[in-house]
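# Observations on the model geometry
Residue strings, one per chain:
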Amino acid sequence: MTKPPPPRQLLPLTPPVFHILLALAGEERHGYGIMQDVARQTGDALQLGPGTLYGCLKRMLAAGLVEESDERPDPALDDERRRYYRMTALGKRAVRAEAQRLTSAVMAAKTKLAGGIL
Amino acid sequence: MTPQPVSRSGMLGSFCRFYSVLLYAYPRDFRQQYGAAMRQVFRDRCREVARTTGPMAKLRFAIHLTTDWFATTVREQAAAFWSAGRKPVSRGFVTEWAVTLGIYLFVSTTLVQAYVIPTGSREGTLRVGDHMLVDRVTYAQPGPLGAHLLPYREIARGDIVAFLYPEDIRTTV
């Protein structure tokens, strides 16, 4: 089995990939659930279309950031044709590293703002 | 039941069928893997937008979907093209030859055509067995748009002109 790449090699994550990982941080979700959560996280600033969503999921599956889940939260309430996704350990490390990177960027911006440069 | 929900669900069905057709622009592998899930997400999102938003938001949604479709079809087609080395040879072979044949037919019927000189009637300038490419554009009838785009001009002294073989031989001089 090949060793997964260190998360730093995957940075910077694109905004859709970052927000999809955040949507999967708490629980497994299906495509539309991810789409709704990303809209909530960003105050509707980032609305993923079906092509963007599944294009990103395809690449994230290939990179090992997410995986498909066989379990259904409640089969009685759910359409069994839906595919659920969950975050892998690599995905968790990558989203942490990206959050850290963004925090550093925000800190740098705040310093410049406070100094009146911006 | 009021007529409104019926017409709305009818419209939703039409949109979904239209979106199913649009999915054919994606590469076949991508469509087979994610097409059904994309249709499902599209249907869910349409339902939500129809229920919760006004006409302007619906228009923005339609524009957003169109740009998403266009951008991601280009992206996935490019990704499929670059990873084509891993695909079976036969499919690539057929596509390659079909494209080559298509380009050849387009070029030879509209742009240039290859000829071999059959007789010595232009001896001194063109000899028997010479190969030449005949420009089919310059003397053609310019259309309203083509006149600005393509290099049309009148026949000038010194030009070598190839004639089409006449359908009625009696029209030859």
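Residues numbered from 1 in each chain as written. Chains lettered and ligands numbered in written order. Predicted model: local features only at pLDDT ≥ 70, side-chain atom pairs only at ≥ 80, totals over all residues. Heavy atoms only, no water.

## Here we look at the overall build of chain A
Stated precisely, the cut-off is as follows: Starting at the N terminus, helices and strands are each numbered in turn, a helix being any DSSP run of H or I of at least four residues and a strand any DSSP run of E of at least two. Think of it in three bands: residues with accessible area under 20% of the maximum for their type are buried, residues over 50% are exposed, and the middle band is partly exposed, with areas taken using a 1.4 Å probe on protein chains only. Every residue pair with non-hydrogen atoms within 4.5 Å of one another is taken to be in contact. For the area figures, the Shrake-Rupley method with a 1.4 Å probe applies, and any residue is considered shielded solely by the protein chains shown.
Scanning chain A from N- to C-terminus turns up four helices and three strands. In sequence order, the secondary structure elements of chain A are arranged as α-β-α-α-β-β-α. Taken across its 118 residues, chain A has 40% of its residues classed as buried. Taking the intrachain contacts of chain A between residues at least 6 apart in sequence as the baseline, contacts between residues at least 24 apart amount to 55%. For chain A, the accessible surface area stands at approximately 6,900 Å², while carbon and sulfur atoms represent 56% of it.

## Some words on the interface of chain A and chain B
Short version of the rule: The term buried area denotes the loss of accessible surface (1.4 Å probe radius) that occurs when two parts are joined, taken as the sum for both partners. The working definition used for a salt bridge is a side-chain nitrogen of Lys or Arg within 4 Å of a carboxyl oxygen of Asp or Glu. By the criterion applied in these results, polar contacts are pairs of N or O atoms within 3.5 Å in which, for protein atoms, one can donate a hydrogen and the other can accept it, and in which residues neighboring in sequence qualify only through two side-chain atoms. Lys, Arg, Asp and Glu make up the charged group, whereas Ala, Val, Leu, Ile, Met, Phe, Trp, Tyr, Cys and Pro make up the nonpolar group; the residues left over, Gly among them, are polar.
Tallying the contact residues gives 21 residues for chain A and 20 residues for chain B. Both faces considered, chain A and chain B share a buried interface measuring about 1,700 Å² in area, 54% of it formed by carbon and sulfur atoms. When the buried area of chain A at its contact with chain B is split by residue, Tyr32, Pro50 and Tyr54 of chain A rank highest and sum to 34% of it. Inspection of the region where chain A meets chain B yields three salt bridges. The interface formed by chain A and chain B includes 11 residue pairs in polar contact (both at pLDDT 80 or more). Listing elements by their share of the side of chain A that touches chain B, those giving two or more residues are α2 (31-41) and α3 (50-63) of chain A. The greatest single-element share of the side of chain A that touches chain B, amounting to nine residues, is contributed by α3 of chain A. For the side of chain A that touches chain B, the per-class residue count stands at eight nonpolar, seven polar and six charged.

## With respect to the sheet that holds strand β2 (residues 66-69) of chain A
All names here are of chain A. Using the following cut-off: Here the rule is simple: two strands pair whenever DSSP picks up at least two bridges between them.
Pairing in this open sheet of three strands is antiparallel, and the strands run β1-β3-β2 from one edge to the other. Edge positions in the open sheet fall to β1 (29-30) and β2, since each of these has one partner strand only. Pairing analysis gives two bridges linking β1 to strand β3 (residues 84-87), with the strands arranged antiparallel. Opposite Arg29, over in β3, you have Tyr85 as the bridge partner.

## A word on the layout of surface pockets
Residues and elements named next belong to chain B. Keep this limit in mind: Site definitions follow a grid-based scheme: protein atoms alone, a 1 Å grid, a 1.4 Å probe that fits but cannot get out for cavities, and for pockets an open set with protein on both sides within 12 Å along at least five of seven lines, plus lining residues having an atom within 4 Å of a point. Grid points are joined across faces, edges and corners, and a volume is the space filled by probe spheres set on the points.
In this structure, the largest pocket encloses a volume near 870 Å³. Considering the residues around the largest pocket, the lining is formed by 26 residues, among which Tyr115, Val134, Val161, Ala162 and Phe163 are closest to the centre. Elements with a minimum of two residues in the lining of the largest pocket: β1 (112-116) and β2 (131-135). If you tally residues by element for the lining of the largest pocket, the top one is β2, at four residues. Partitioning the lining of the largest pocket into residue classes produces 18 nonpolar, four polar and four charged.

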